[in-house]
Amino acid sequence: MQCPVDGETLVIAERSGVEIDYCPKCRGVWLDRGELDKIIERTAPSAPAPTSTYARDDHGARPHKKKRESFLGDLFDF
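Because the structure is a prediction, the values reported are computed rather than measured.

Q: How would you summarise the pairing of strand β2 (residues 18-22) if you had to cite specific residues and measurements?
A: Successive side chains on a regular strand alternate, one facing one side of the sheet and the next facing the other. Among the five residues that make up β2, four are buried, leaving the element largely enclosed by the rest of the structure. Of the pairings in the sheet, the one linking strand β1 (residues 11-15) to β2 comprises five bridges and is antiparallel in character. In the sheet register, I12 faces β2, and the bridge partner there is D21. From the end of β1 to the start of β2, which pair antiparallel, there are two residues, and S16 there has a positive phi angle of about 55°.

Q: Which residues make up the sheet that holds strand β3 (residues 29-30), and what values do they have?
A: Strand order in the open sheet formed by three strands is β1-β2-β3, and the pairing between neighbours is antiparallel. Here the strands that pair on one side only, and so sit at the sheet edges, are β1 and β3. Bridge count for β2 against β3 is two bridges, and the pairing is antiparallel. When the bridges of β3 are listed, Y22 appears paired with V29.

Rules used in this analysis
Residues numbered from 1 in each chain as written. Predicted model: local features only at pLDDT ≥ 70, side-chain atom pairs only at ≥ 80, totals over all residues. Heavy atoms only, no water. Buried < 20%, exposed > 50% of the residue type's maximum accessible area, 1.4 Å probe, protein only. Helix = DSSP H or I, 4+ residues; strand = E, 2+ residues; numbered from the N terminus. Pairing = 2+ DSSP bridges.

Now the structure itself:
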């Protein structure tokens, strides 16, 4: 299968029991129908942990918004 962006041959990788097509050149990722749902189901924690989107520094400075990290970053580390 060819990458729709640059025509490079796609590579198949398996993550969480799901085959994922990705392009090693442009790093694009393509999923078939239902694959994203399977990945989310298999990587979601059983009970969501309470998290705060704000943090204070050691000096009690005004809170600033923390950057959220995507769970996809752990899955797609090509």
